[in-house]
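# Architecture at a glance
Residues per chain are reported as follows:
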Amino acid sequence: MSVKTPFISVVLACWLLFCHGLATPKREAKKVKSDVACSRIGGICQRSSYVCAGRYLKSKCAGPATRQCCLEDSGAWDVLCSGHHSNRVRGCDKFGCGHFNSKRGSHVHKAVDIVCDDYTVVHAPFTGMLRGRVQPHGDSSTNDDGVELSNSVHCVKIFNIRPSRYKGFVSKGESLGYVLPMQEKYSGITSHLHLQMCDKSDPTPYI
């Protein structure tokens, strides 16, 4: 009896822990419960194996990981800078890097830098309302200017530009102003505008 009792106890313990799932559960990735995040930006949730006339965005659709948000070209943002065929994110130069979450000394860059030549005309990436002036530095320097643009889906702040106006309705592709000269203050830097979501999330999927 003294031999069987420990054996039975061990078997019972294993049965409780593993068969009934009482062992410490493994952390699972947070699952998306609906398609709202996709539909509100004009996308359609479908299997990523299907053809998408645009681009696929992850983590915006309910179901398995293979079910992703197809955002057609019509829903994607417009090219911001004249003379460019796409929104190219600034690489790295002696002043730093332009991609989202790049290190900037003691802080993290919660925006993206879009390559634009000095004085280039800047276009609205989407249709919306201009909500007023934004100043990233607050020091009234040459490059301390910009504008906030938003609609029911997106809200962005565009810095390093001289807006033609700060309030009112604008259509996608309409001129917003021009890029302020970067070379005069930061010689050798890749000239760019600074694009930041109002909630400081990553704008990369939209550009």
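Residues numbered from 1 in each chain as written. Predicted model: local features only at pLDDT ≥ 70, side-chain atom pairs only at ≥ 80, totals over all residues. Heavy atoms only, no water.

### As for the side chain of His194
Selection criterion: To qualify as a helix, a DSSP run of H or I must reach at least 4 residues; to qualify as a strand, a run of E must reach at least 2; elements of each kind are numbered from the N terminus. Should any heavy atoms of two residues lie within 4.5 Å, those residues are counted as being in contact.
Within the secondary structure, His194 sits in strand β16 (residues 192–197). Look past the residues within four positions of His194 in its chain and what remains in contact with it is His109, Ala111, Val112, Asp113, Lys157, Ile158, Phe159 and Asn160.

### Some words on the pairing of strand β10 (residues 128–133)
Cut-off, in case you're wondering: Any two strands between which DSSP finds at least two bridges are classified as paired.
Taken together, the four bridges between β10 and strand β14 (residues 167–170) define a ladder with antiparallel strand orientation. Bridged to Leu130 within β14 is Gly168. With four bridges connecting them, β10 and strand β11 (residues 146–150) associate as antiparallel partners. What sits directly across from Leu130, in β11, is Leu149.

### Topic: the confidence of the model for the protein
Stated formally: Across the chain, each position has a pLDDT score giving the predictor's confidence in that residue, from 0 to 100.
With 82% of its residues at a pLDDT of 70 or more, the protein shows a mean pLDDT of 83. The weakest mean pLDDT in the protein belongs to helix α1 (residues 4–19) at 53; the strongest belongs to strand β9 (residues 121–123) at 97. Every residue in residues 17–26 scores below 50 in pLDDT, and together they form six contacts with partners more than four places removed in sequence or on other chains.

### Here we look at the sheet that holds strand β15 (residues 175–179)
How we decide: In this description, a line fitted to the C-alpha atoms serves as the axis of each element, helices being fitted only across the stretch in contact, and the angle between N-to-C directions of two axes falls anywhere from 0 to 180 degrees.
Sheet architecture is open: three strands sit in the order β9-β15-β13, paired in antiparallel fashion. Every other strand in the sheet has two partners, leaving β9 and β13 (161–163) as the edge strands with one partner each. Pairwise comparison of adjacent strand axes, ignoring direction, gives a mean angle of 40° for this sheet. Pairing between β13 and β15: three bridges, direction antiparallel.

### A few points about unusual backbone geometry
Test applied: When accessible area is computed with a 1.4 Å probe and restricted to protein chains, residues below 20% of their type maximum are described as buried, those above 50% as exposed, and intermediate ones as partly exposed.
A positive phi angle, close to 60°, is found at Ser59, a residue other than glycine. With respect to the secondary-structure elements, Ser59 resides in the loop between β2 (54–57) and β3 (67–72). Looking at Ser59, the relative accessible area reads 65%, which means it is exposed. One non-glycine residue with positive phi stands out, namely Lys200, at about 65°. Position of Lys200 among the secondary structure elements: in the segment after β16.

### A few points about the environment of Gln135
Where we set the bar: In the analysis that follows, any N or O atom pair within 3.5 Å is treated as a polar contact, provided that within protein one partner can donate a hydrogen and the other can accept it, and provided that, for residues neighboring in sequence, both atoms belong to side chains.
Looking at where Gln135 falls in the secondary structure, it is placed in the loop between β10 and β11. In this structure, the C-alpha to C-alpha distance between Gln135 and Gly146, residues 11 residues apart in sequence, is 6.0 Å. When sequence neighbours within four positions are dropped, the list of residues in contact with Gln135 reads Asp144 and Phe159. Engagement of the side chain of Gln135 in a polar contact is seen with the side chain of Asp144, the distance being 3.4 Å.

### Let's talk about the packing of aromatic side chains
To be explicit about the condition: Between rings of Phe, Tyr and Trp, where Trp is taken as its six-membered ring, a pair exists when centres lie within 6.5 Å; planes separated by under 30 degrees are stacked, by over 60 edge-to-face, and by other angles tilted.
Counted under the stated rule, the structure contains four aromatic pairs. Between Trp77 and Phe126, the ring centres sit 5.2 Å apart and the planes meet at 50°, which makes this aromatic pair tilted. Note that Trp77 is positioned in the loop between β3 and β4 (92–93) and Phe126 in the loop between β9 and β10, a separation of 49 residues in sequence. Judged by relative accessible area, Trp77 falls into the buried class, the value being 7%. An aromatic cluster of at least three residues, connected via ring pairs, comprises Trp77, Phe126 and Tyr206.

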